[in-house]
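Structural overview
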Amino acid sequence: MNLNKFDFYPIMGENLSFENTLKLDFTEGNHELKPVDLSKTEVFNQYVFNQLRQKNKKYGIGGYLEKRAIYRRSEVFATAAAFRNIHLGVDIWTEAGAPVFAPIDGMIHSFQDNAGFGNYGPTIILEHELDGKKLFSLYGHLFQKDLEKLEVGRKIKAGEKLCHVGPFPENGDWPPHLHFQLMWDLGGNCGDYPGVAAEKDLGFYQANCPDPNLILRFSEK
């Protein structure tokens, strides 16, 4: 399906552009990351927001299919089979409390607090229908209070305020950011879906998780 033919509401309430958004690099190739103690969230947070302040940007963005160095901070990404380090969504780094809006009409499929250091923290999944095909969108690292009074099956309209970027430690203990991800098939998951893949599984996840920038439409120009 070609998502480019649809109109989407800006999920941060405004378009992400070169003027307000900085592309961030969390790969091994970013040598500035090497001295940063990623296990200490306050230190990691200072690094992220120093990047934004230096460039006078409101948002940081990046991550789709990025092979990242930052997952060494948590055992969440180490499994018996393989280490997961390829990011399947797009992260939007900004101050805690920033509102997040539904990009298209849908309904609440599921939600839960995926607690634990390095996990999603509070998470919401929406279900959408586009030209008769289901698409799911995931919003991770939220405020715990965003899950209060939610009801599975509740209709959500495009442009409706859905949630907020959460603070650490309740957001899974990350510098504040929204993890935004798309999935064609949830594979039976509720309130959770892998946001990071091992290289050996990338083919499957890349086919099931289209590029979120098809909705975000961030341009560096």
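Only a predicted model underlies this, so the values are computations on that prediction, with no experimental measurement involved.

Nonpolar side chains tend toward joint burial in soluble globular proteins. The biggest cluster of nonpolar side chains holds 34 residues, and the ones touching the most others in it are Met12, Ile92, Tyr139 and Leu178. Broken down by secondary-structure element, the contributors of at least two residues to this core are strand E2 (59-62), strand E4 (90-93), strand E7 (121-130), strand E8 (133-140), strand E10 (161-164), strand E11 (177-183) and helix H3 (213-216). Look past the residues within four positions of isoleucine 92 in its chain and what remains in contact with it is Ile11, Met12, Leu16, Tyr59, Gly60, Ile61, His177, Leu178 and Leu216.

A few words on the packing of aromatic side chains. Applying the stated criterion across every chain, the model contains nine aromatic pairs. With centroids separated by 6.0 Å and ring planes inclined at 85°, the aromatic side chains of phenylalanine 26 and phenylalanine 44 adopt a geometry described as edge-to-face. You can see phenylalanine 26 sitting in the loop between strand E1 (21-23) and helix H1 (41-55) and its partner phenylalanine 44 sitting in helix H1, a full 18 residues away along the chain. Grouping residues by exposure puts phenylalanine 26 and phenylalanine 44 together as buried. Within the aromatic cluster, the residues linked to one another by ring pairs are Phe26, Phe44, Trp93 and Trp174. Its end group placed over the ring of phenylalanine 18, lysine 57 keeps NZ or CZ at 4.4 Å from the ring centre. The ring of tryptophan 184 is capped by lysine 133, whose NZ or CZ atom sits 4.0 Å from the centre of that ring.

Another aspect to go through is the pairing of E7. Judged by how many residues are buried, E7 sits mostly within the fold: nine of ten residues are covered. Across seven bridges, the pairing between strand E6 (residues 106-114) and E7 is antiparallel. When the sheet's bridge partners are listed, phenylalanine 111 is paired in E7 with isoleucine 124. Connecting E6 to the antiparallel partner E7 that follows it, the hairpin turn spans six residues, and glycine 116 within it adopts a positive phi of roughly 125°. Where E7 meets E8, eight bridges bridge the pair, whose relative direction is antiparallel. In the strand pairing of E8, histidine 128 is matched with leucine 135. If you look at the hairpin formed by E7 and E8, you'll find two residues sitting between the two strands, and aspartate 131 has a positive phi there, around 50°.

Reading the values: the criteria
- Residues numbered from 1 in each chain as written.
- Predicted model: local features only at pLDDT ≥ 70, side-chain atom pairs only at ≥ 80, totals over all residues.
- Heavy atoms only, no water.
- Core = buried A, V, L, I, M, F, W, Y, C linked by side-chain atoms within 4.5 Å.
- Buried < 20%, exposed > 50% of the residue type's maximum accessible area, 1.4 Å probe, protein only.
- Helix = DSSP H or I, 4+ residues; strand = E, 2+ residues; numbered from the N terminus.
- Contact = heavy atoms within 4.5 Å.
- Phe/Tyr/Trp six-rings, centres within 6.5 Å; stacked < 30°, edge-to-face > 60°.
- Lys NZ or Arg CZ within 6 Å of the ring centre and 35° of its normal.
- Pairing = 2+ DSSP bridges.

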